Amino acid sequence: MKTTARAVVIGGGVVGVSTLYHLAKMGWSDVVLLERKELTSGSTWHAAGLLPLFNLSYSVGKLHQYSVGLYPSLEAETGLHAGFSQVTNIRLATTRDRMDEYHYYAGVARTIGVDVNFLTPDQVKDIWPLADMDGVIGAIQHPDDGYIQPADLTQALAKGARQRGATIYRNTTVTAITEQPNGEWLVSTDQGDITCEHVVSCSGNFARATGAMVGLDIPVIPVEHQYIVTEQHPDIMARKKAGLPEMGVLRESDASYYMREEAGGLLLGPYEVGAPACYVDGPAANSEYELFPDALERLEPYILAAMKRVPAFGEVGIKKVYNGAIAYTPDGSPIVGPAWGLKNFWLNEGHSFGVTAAGGAGWQLAHWIVDGEPTIDMMGVDPRRFGDYAGRGFLIEKNEEAYAKVFTVHYPDEEREAGRALRRTPCYDRMKALGAVFGSVFGWERPNWFAPESYALTEADLDKPDVLLNDNHPVVAGEAVREKWSFRRSNYFTHVGNECRHVHENVGIQDMSAFAKCEISGPGAEAWLDQLLTNAVPKKVGRVTLSYLLTDKGGVRCEFTVYKMAPQRYYLVSAGAYERHDHDYLKKAMPKDGSVSFERLTTSMGVLVLAGPKSRALLQKLTDANLSNEAFPWLTGQKISIGLAQVEVLRVNFIGELGWEIHHPIEMQNYIFDELMAAGAEFNIKPFGIRAMTSMALEKSYKLIPRELSVEYAAFESGLDRFVSLKKPGFHGKDALLAWQAKGFTNALVTMEVHGVTDADARGSEAIYQGDEIVGRATSGGYGWRVGKSLALAMVRPDLAVAGTEMEIAILGTRYRATIIADSPFDPDNAALRS
Ligand SMILES: Cc1cc2nc3c(=O)[nH]c(=O)nc-3n(C[C@H](O)[C@H](O)[C@H](O)COP(=O)(O)OP(=O)(O)OC[C@H]3O[C@@H](n4cnc5c(N)ncnc54)[C@H](O)[C@@H]3O)c2cc1C
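If you're wondering where the values come from, they're calculated on a predicted model, not measured in any experiment.

1. Re the domain arrangement of the protein
- Structurally, the protein comprises domain 1 (4–371), domain 2 (516–694) and domain 3 (732–834).
- If you average the C-alpha positions of domain 1 and of domain 3, the two centres end up 35 Å apart.
- If you look at the interface, domain 1 gives nine residues, while domain 3 gives 12 residues.
- Run the count over domain 1 and domain 3 and you get zero salt bridges.
- Counting across the interface, domain 1 meets domain 3 through one residue pair in polar contact (both at pLDDT 80 or more).
- When residues of the side of domain 1 that touches domain 3 are assigned to their parent elements, the largest contribution, eight residues, is made by helix α4 (residues 96–112).
- Partitioning the side of domain 1 that touches domain 3 into residue classes produces three nonpolar, three polar and three charged.

Right under this line is the structure:
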């Protein structure tokens, strides 16, 4: 066995082999794959082989699109047929919400170049004559979609990799992975050791065991998944005899199953509620081609629904049931990218649609490893999108939920119930008593909006369709239902409007303790931050700036609020959802000479936002600090006392009103909260939530990662010119950004007013048209209550990015007139912020 390699890939399932293939394709021939048994003997061999392109995530959608393009090409390259049957795929809709989901998805699909058609029930019947169209209101079809033989695909990729010099060792188990003092990895196996620069973990159901070898708690626990294959059906055999095409893959989303032809019979795969997590402590050491006993009783309602839709399914006997492990993560998307806290250790794990995603995930991970960057935005699959909170107990609940919800309507405002309420800030109960309807980010509970006292929706309000999956609202034992999820304006719309108006006219309080926070200090702190981030680092104590960490290519990786607290002491704040991601990049970039220190403050500091025209008068009642504009201007911070509590107060906010962020020791939160509420009574202080904040941020054209800001867009395409100091000698990504600029940009960020909308605003990902040509995509959207307009932010062709340009935006299947307007439709001069 070789003793050295550039990269070692652990795991010979379809994902590991695809990673090996793509590393070799990018010119790394000195790469080795280690598989403990035979290739495909984990989950890959028994996969049903479906290749669903459908995915509401822009990044996962692109990975799937790449795979479906790659797989048919492998035969010409390797001589091995991967068994790709491009039979198309039809997803049925029996409810309006489902149809909205398909129309929303069509925007994602069209902007990434995936072909979709909408079909009438009659058109479906022509393609699938064995299906009854009772209750079907329409369908979406992917003409390029189909299924593949997973083992054949893996063998073709393996041959392609070997042809390019890669080596595969079967029956070789990795037993330990050790970081060497020189930064290399020593991979120990039962057949000998290999020293390498990079390790890529693609170990499927063994992910947590592999992670444990290097101290990583990888958030992957599999769930049982079953599919049933029937005996041959005479009608299908007759179709075959007549030379008719296969009917294709049929998905009845509202009944949570897929079905396709299989060797003259049918294959049915339900995603049921109640499927248990499995291999919680990993598979047994000798596990190979393993299946679990069938549990058909769990599938009963889905089987009955399938028999109703396709009576032929009930007319033949069951030939075989497959019950296997399918890897899951809390949100159902895979984990692809660098491991946190480790150098040159990569993860390609947690694949629940691994046959579909393998091509794209291997492709992008190979780019990341070889070039240092993926070429598409991978935030949706980044391993660092979960944190330490995602431990064993949380994963079991969350992953089972993710499995059960594969086919539920993926509402943009959905807030799932499992694994709640895990991370609560001290003022959680107070916010709850004020009517908070919570959402969850990075395990934290955050008020999304506030419902009036005793507010509850009735069964009639919920208007639940009569289908198996009708989860259009949260279900929390003992609690009234207060929101209905929708792609359209829903019941909370006007309440959010009231919050926006109230903050604009009076004063509001918001809990933003979930922010990621850290302190960077030490003799080298200022110089290090200055050469790392785009904006000039504040030189004067008390100054606050907004600054960005760019990618090697000049795209945007992270956004930080940077506050100089004291000489060589900087306080950095970034989005709560990206704590592990942002802090990992900072820590990995720190000098090794000890001149700079990093301290995580996320859970020791809370943040209360006080905003609105009356916020100064309120805060002044509680402090002897001078809060006047002269003494405490916008974009500065000070250490002040609020009553007894010493806090750091930053005069910044994300909503465009006069206001302060009060950063405080978390244990003082309730003291401060009570002081603010008591002093605020005379100003009519009221709480506001994330949804009001998002609406107000949109009116200011504020940008978000990974929507307007992403590795795919140059910082200047995203309009960050004000925050990029070209006067500085350098910052990470500067030269690449200038080179990108010299080459010319293909996108420009604009703000748009959408005309004629009555019940559904843009959400982001809608296609933008001029005539029949797609000229851009929305990145965010919603209703701006202060300006009284439906708004969208969008990336469009730069030549069109001129105020007054007329376009059209497709929202849920209807085209609306949209006009490019000047940025920051609310208060473009920032008068309120400076007031
Ligand atoms: C019933 C069922 C149906 C499915 N249908 C579909 C479908 O239609 N479409 C789809 O896209 N997906 C489907 N899936 C999911 C799909 O099977 C998986 O997502 C995919 O196979 C994952 O591939 P992988 O390479 O990540 O994992 P695996 O195939 O499990 O490969 C991991 C490999 O790593 C090896 N390994 C682990 N630890 C070590 C070690 N220490 N040393 C050496 N080797 C090690 C294992 O032996 C294993 O071979 C289905 C899954 C199930 C259960």
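2. Side note on empty space enclosed by the protein
- As enumerated under the stated definition, the model contains two cavities of 30 Å³ or more in all.
- The computed volume of the largest cavity comes to approximately 120 Å³.
- Of all elements in the fold, only β22 (556–566) and α16 (579–589) reach the threshold of two or more residues within the lining of the largest cavity.
- Along the lines of polarity and charge, the residues of the lining of the largest cavity split into nine nonpolar, two polar and four charged.
- The volume enclosed by the second largest cavity comes to roughly 70 Å³.
- Lining the second largest cavity are T95, D97, D254, V409, Y411, P465, V467, L469, N470, D471 and N472.

3. So, the site of the ligand
- E35, T44, L50, H351 and T356 are the nearest of the 35 residues found near the ligand.
- In the model, an oxygen atom of the ligand is placed 3.3 Å from a nitrogen or oxygen of the V14 main chain.
- A distance of 2.7 Å separates an oxygen atom of the ligand from a polar atom in the backbone of H351.
- For the ligand, the accessible surface in isolation is 990 Å², of which the surrounding protein chains cover 98%.
- Going through the elements one at a time, α1 (14–25), β10 (223–230), β14 (318–326) and α10 (354–371) are the ones with two or more residues in the shell around the ligand.
- Tallied by class, residues from the shell around the ligand come to 15 nonpolar, 18 polar and two charged.

4. Description of the packing of aromatic side chains
- Applying the stated criterion across every chain, the model contains 30 aromatic pairs.
- Ring centres of Y104 and F487 lie 5.6 Å apart, and the angle between their planes is 40 degrees; on these two criteria the pair is classed as tilted. Of this pair, Y104 sits in helix α4 while F487 sits in the loop between α13 (459–462) and α14 (493–505), placing them 383 residues apart in sequence. Of the two residues, Y104 and F487, neither departs from the other in class, the shared state being buried.
- In this structure an aromatic cluster arises from ring pairing among Y258, Y271, Y328, F353, Y403 and F407.
- The ring of F54 carries R91 above its face, with NZ or CZ at 4.0 Å from the centroid.
- Directly above the aromatic system of Y769 lies the positively charged group of R815, at a separation of 3.6 Å from the ring centroid.

5. Quick look at the sheet that holds strand β23 (residues 569–574)
- Sheet architecture is open: five strands sit in the order β21-β22-β23-β20-β24, paired in antiparallel fashion. Two strands bound the open sheet, and with one partner strand each, they are β21 (544–550) and β24 (597–600). Between one strand axis and the next, the sheet turns through 30 degrees on average, direction left out of account.
- In this sheet, β23 lies alongside strand β20 (residues 516–521) in antiparallel orientation, the contact comprising six bridges. By the bridge assignment, C518 is partnered in β23 with L572.

6. Some remarks on the UniProt feature "domain: FAD dependent oxidoreductase central" (unreviewed entry) in the protein
- Mapped onto this structure's residue numbering, the UniProt feature "domain: FAD dependent oxidoreductase central" (unreviewed entry) falls at residues 371–424.
- The span residues 371–424 shows a helical share of 26% and a strand share of 0%, and its end C-alpha atoms are spaced 40 Å apart.

7. A short note on the pairing of strand β15 (residues 335–338)
- Note: β15 against strand β16 (residues 345–349), four bridges, orientation antiparallel. In the sheet register, V336 faces β16, and the bridge partner there is N348.
- In this antiparallel pair of consecutive strands, β15 and β16, the connection spans six residues, and G341 shows a positive phi of 80 degrees.

8. Topic: the packing of α1 against helix α6 (residues 150–163)
- Across the interface, α1 lies against α6 with an axial gap of 8 Å and an inter-helix angle of 25 degrees. In this view, α1 runs roughly parallel relative to α6, as classed from their interaxial angle. For the element pair α1 and α6, the recorded crossing hand is left-handed. When α1 is examined against α6, the residues V14, V17, S18, L20, Y21 and A24 are found in contact with a partner set consisting of L153, T154, L157, A158, G160 and A161.
- Tallied by class, residues from the contact of α1 with α6 come to nine nonpolar, three polar and no charged.

9. Concerning the nonpolar core
- Of all hydrophobic cores here, the largest spans 104 residues; its most connected members are Y105 and I809.
- When residues no more than four places from it in sequence are discounted, the contact partners of I809 are V754, A762, E766, A767, I768, A778, A792, T814, R815, Y816 and A818.
- Among the nonpolar cores identified, the runner-up in size contains 37 residues, and L34, V199, A207 and L347 belong to it.

10. Considering the UniProt feature "domain: Aminomethyltransferase C-terminal" (unreviewed entry) in the protein
- Taken from the UniProt record, the annotation "domain: Aminomethyltransferase C-terminal" (unreviewed entry) applies to residues 749–826.
- Helix makes up 0% of residues 749–826 and strand 56%, whereas the separation of the span's terminal C-alpha atoms amounts to 17 Å.

11. Examining unusual backbone geometry
- With an omega of -20 degrees, the peptide bond running from R420 to A421 counts as cis.
- Tracing the sequence through the fold places A421 in the loop between α11 (392–404) and α12 (428–433).
- Omega for the bond connecting I705 with P706 falls within 30 degrees of zero, at 0 degrees, which places this linkage in the cis form.
- On the secondary structure map, P706 appears in the loop between α19 (690–699) and α20 (734–743).
- With a phi angle near 45 degrees, Y289 is a residue other than glycine that sits in the positive phi range.
- Judged by relative accessible area, Y289 falls into the partly exposed class, the value being 38%.
- Its identity as a non-glycine residue notwithstanding, N684 has a phi of 60 degrees, on the positive side.
- Along the chain, N684 turns up in the loop between α18 (669–680) and β29 (686–687).

12. Topic: the sheet that holds strand β32 (residues 773–784)
- Spatial ordering of the closed barrel is given by β30-β33-β32-β31-β34-β35, a layout of six strands whose pairing is antiparallel. Here the average twist between neighbouring strands, direction ignored, is 45 degrees.
- Strand direction decides the pairing type here: strand β34 (residues 806–811) and strand β35 (residues 814–821), joined by six bridges, are antiparallel. In the sheet register, I809 faces β35, and the bridge partner there is Y816.
- Here α4 sits on the sheet and contacts β31 (767–770) and β32; the angle it forms with β32, its principal contact strand, is near 145 degrees.

What counts, and where the lines are drawn
- Residues numbered from 1 in each chain as written.
- Predicted model: local features only at pLDDT ≥ 70, side-chain atom pairs only at ≥ 80, totals over all residues.
- Heavy atoms only, no water.
- Domains from an automatic or database assignment.
- Contact = heavy atoms within 4.5 Å.
- Salt bridge = Lys/Arg side-chain N within 4 Å of Asp/Glu carboxyl O.
- Polar contact = N/O pair within 3.5 Å; in protein donor to acceptor, adjacent residues only side chain to side chain.
- Helix = DSSP H or I, 4+ residues; strand = E, 2+ residues; numbered from the N terminus.
- Nonpolar A, V, L, I, M, F, W, Y, C, P; charged D, E, K, R; others polar.
- 1 Å grid on protein atoms, 1.4 Å probe; cavity = no way out; pocket = protein on both sides within 12 Å on 5 of 7 lines; lining within 4 Å.
- Points joined across faces, edges and corners; volume = space filled by probe spheres on them.
- Near = heavy atom within 4 Å.
- Areas by Shrake-Rupley, 256 points an atom, 1.4 Å probe, with all protein chains shown as cover.
- Phe/Tyr/Trp six-rings, centres within 6.5 Å; stacked < 30°, edge-to-face > 60°.
- Buried < 20%, exposed > 50% of the residue type's maximum accessible area, 1.4 Å probe, protein only.
- Lys NZ or Arg CZ within 6 Å of the ring centre and 35° of its normal.
- Pairing = 2+ DSSP bridges.
- Axes fitted to C-alpha atoms, helices over the stretch in contact; angles between N-to-C directions.
- UniProt positions renumbered as here; feature names shortened; annotations may be inferred.
- Parallel < 35°, antiparallel > 145°, perpendicular 65-115°, else oblique.
- Left-handed = near helix turned anticlockwise from the far one by under 90°.
- Core = buried A, V, L, I, M, F, W, Y, C linked by side-chain atoms within 4.5 Å.

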